[in-house]
Amino acid sequence: MSSKPTHRAYVVNQPKEDGGKGFWREVGAAWPHKDGDGFDIVIHEGISVYGKIVCRKPKEKDESQP
């Protein structure tokens, strides 16, 4: 595994009302396999997950924000 993950893993819960946005909670990180055909996903310690897991590239953070 490389030192930095290329994607973040989120559990996405459906909204209670129709048309609302789902709630995304970060639960881990993902590193691509060397052959490009998959990922190793590591779930943060102490987190219990269920449902849909989505992996996304992390967004660039604004250096002025904490």
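Residues numbered from 1 in each chain as written. Predicted model: local features only at pLDDT ≥ 70, side-chain atom pairs only at ≥ 80, totals over all residues. Heavy atoms only, no water.

What is the right way to look at the overall build of the protein chain in this model?
Secondary structure assignment for the protein chain yields zero helices and four strands. Reading the secondary structure of the protein chain in the N-to-C direction produces β-β-β-β. Looking at the protein chain as a whole, 18% of its 66 residues are labelled buried. A separation threshold of at least 6 residues defines the contact pool for the protein chain, and within that pool the share at least 24 residues apart is 45%. Put simply, the protein chain shows about 5800 Å² of open surface, and 49% of that area lies on carbon and sulfur atoms. (Helix = DSSP H or I, 4+ residues; strand = E, 2+ residues; numbered from the N terminus. Buried < 20%, exposed > 50% of the residue type's maximum accessible area, 1.4 Å probe, protein only. Contact = heavy atoms within 4.5 Å. Areas by Shrake-Rupley, 256 points an atom, 1.4 Å probe, with all protein chains shown as cover.)

I tried to follow the pattern of salt bridges on my own but got confused; where do I start?
For side chains of opposite charge, pairing can occur when their charged atoms come near one another. Under the counting rule described, the total for this entry stands at one salt bridge. In this structure, Arg8 and Glu26 form a salt bridge, with 3.8 Å as the shortest nitrogen-oxygen distance. Of this pair, Arg8 sits in strand β1 (residues 7-13) while Glu26 sits in strand β2 (residues 23-32), and the two are 18 residues apart along the sequence. Taking relative accessible area as the criterion, Arg8 reaches 25% and is therefore assigned partly exposed. (Salt bridge = Lys/Arg side-chain N within 4 Å of Asp/Glu carboxyl O.)

Quick question: what am I supposed to make of the sheet that holds strand β3 (residues 39-43) here?
Two modes of strand pairing occur in sheets, parallel and antiparallel, and in both the strands are linked by backbone hydrogen bonds. Spatially, β3-β2-β1-β4 is the arrangement adopted by the four strands of the open sheet, whose pairing is antiparallel. Every interior strand has two partners, whereas the edge strands, β3 and β4 (52-56), have only one. Going across the sheet, the axis of each strand differs from the next one's by a mean of 35 degrees, ignoring polarity. The pairing of β1 with β4 spans five bridges and is antiparallel. Bridge pairing in β4 places Val12 opposite Lys52. (Pairing = 2+ DSSP bridges. Axes fitted to C-alpha atoms, helices over the stretch in contact; angles between N-to-C directions.)

I would appreciate a short explanation of the environment of Ile53 in the present structure.
Take Ile53: it is sitting in strand β4. Separated by 28 residues in the primary sequence, Ile53 and Arg25 have C-alpha atoms spaced 9.5 Å apart. Setting aside chain neighbours within four positions, we find Ile53 in contact with Ala9, Tyr10 and Val11.

When you look at the pairing of β3 in this model, what are you seeing that I'm missing?
As paired elements, β2 and β3 share five bridges and run antiparallel to each other. Bridging across to β3, Pro32 finds its partner in Phe39. Two successive antiparallel strands, β2 and β3, enclose a turn made up of six residues, where Gly36 displays a positive phi of approximately 80 degrees.

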